[in-house]
Amino acid sequence: MDGDFRTEFVREPAALKQHPALVLNADYRPLSYYPLSLWPWQDAVKAAYLDRVDIVAEYDDIVRSPSMVIRIPSVVVLRDYVKPQKRVAFTRFNLFLRDEFCCQYCGAKGDLTFDHVVPRARGGITSWENVVAACSPCNLRKGSKSLRQANMALQKPPRAPGAEQLRNLGRKFPPNHLHESWLDFLYWDAELEA
């Protein structure tokens, strides 16, 4: 045998890693838009085998076990409805999503941090109403000063978002890859054909 003997007997599963399944709630809406609710193909196959989901669409590729052959699911629907959370967790990701991944002082995108509008050194608390996304230059420029002292203004006042508001904001940020079988179930801000 030439080369590594393991390559002769072990199939490289890297190609199968590229087959995520879109997960829809029982009402045929994604569990989340951003991040998009996706499962690895293994979890989708397992859930289908356990009758927890219905397969709505499939990839052309198949996987085999000793006793069965199954096409890899590309869209699955939960059999039981999962009630969406009404309370939105105060996380860095949700804060950036609320602020649409833009600095709330200058509008810049990328390399974001967060800033306390009323600085903590002056009694400001860490809450939805006092924390905004900010780029590093604006955050450094403001420092522990008030908005008036720093001669800065917010693009919009910070408020606690609702769960539905965050879901709708998530639709503005589609992932890099959308499989064609998912498009009927996703409602991105796209122009419709006449």
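Up top you'll find the structure we're talking about.
Residues numbered from 1 in each chain as written. Predicted model: local features only at pLDDT ≥ 70, side-chain atom pairs only at ≥ 80, totals over all residues. Heavy atoms only, no water.

A. Focus on the pattern of salt bridges. Under the defined criterion, the tally for this structure stands at eight salt bridges. The closest approach of N and O atoms between Arg29 and Asp27, which form a salt bridge, is 3.8 Å. Residue classification places Asp27 among the partly exposed positions, given a relative accessible area of 35%. A salt bridge links Asp54 to Arg79; the shortest N-O distance between them is 2.7 Å. Taken as a pair, Asp54 in strand 3 (residues 53-64) and Arg79 in the loop between strand 4 (69-78) and helix 3 (92-98) lie far apart in primary sequence, 25 residues in all. In this structure Asp54 comes out as partly exposed when scored by relative accessible area, which is 32%. On the basis of relative accessibility, which here comes to 43%, the residue Arg79 falls in the partly exposed class. (Salt bridge = Lys/Arg side-chain N within 4 Å of Asp/Glu carboxyl O. Buried < 20%, exposed > 50% of the residue type's maximum accessible area, 1.4 Å probe, protein only. Helix = DSSP H or I, 4+ residues; strand = E, 2+ residues; numbered from the N terminus.)

B. View of the packing of aromatic side chains. Inspection of the entire model under this criterion finds three aromatic pairs. Their ring planes at 75° and their centres at 4.9 Å tell us that Phe90 and Trp128 sit as a pair that is edge-to-face. Of the two residues, Phe90 sits in the loop between strand 4 and helix 3 while Trp128 sits in the loop between strand 5 (112-116) and strand 6 (131-135), which places them 38 residues apart along the sequence. For Phe90, a relative accessible area of 33% translates into the label partly exposed. For Trp128, a relative accessible area of 9% corresponds to the buried category. (Phe/Tyr/Trp six-rings, centres within 6.5 Å; stacked < 30°, edge-to-face > 60°.)

C. View of the nonpolar core. Leu22, Leu24, Val75, Trp182 and Leu186 are the most contacted members of the largest nonpolar core, which has 16 residues in total. Elements represented by at least two residues in this core include exactly strand 1 (21-24), helix 2 (41-49), strand 3 and strand 4. Residue contacts for Leu186: discarding those within four places in its chain leaves Leu22, Pro30, Tyr33, Leu36 and Leu178. Grouped together as the second largest cluster of nonpolar side chains are twelve residues, Cys103, Tyr105, Cys135 and Cys138 included. (Core = buried A, V, L, I, M, F, W, Y, C linked by side-chain atoms within 4.5 Å. Contact = heavy atoms within 4.5 Å.)

D. Layout of helix 2. Looking at helix 2, one finds that the buried residues are Trp41, Ala44, Val45, Ala47 and Ala48. Mapping the buried residues of helix 2 onto a view down its axis gives an arc of 165°, with all of them on the same face. In this structure, helix 2 carries Lys46 and Tyr49 as exposed residues pointing more than 90 degrees from its buried face. Those residues of helix 2 that are buried are in contact with strand 1, strand 2 (38-39), strand 3 and strand 4. (Arc of directions from axis to C-beta.)

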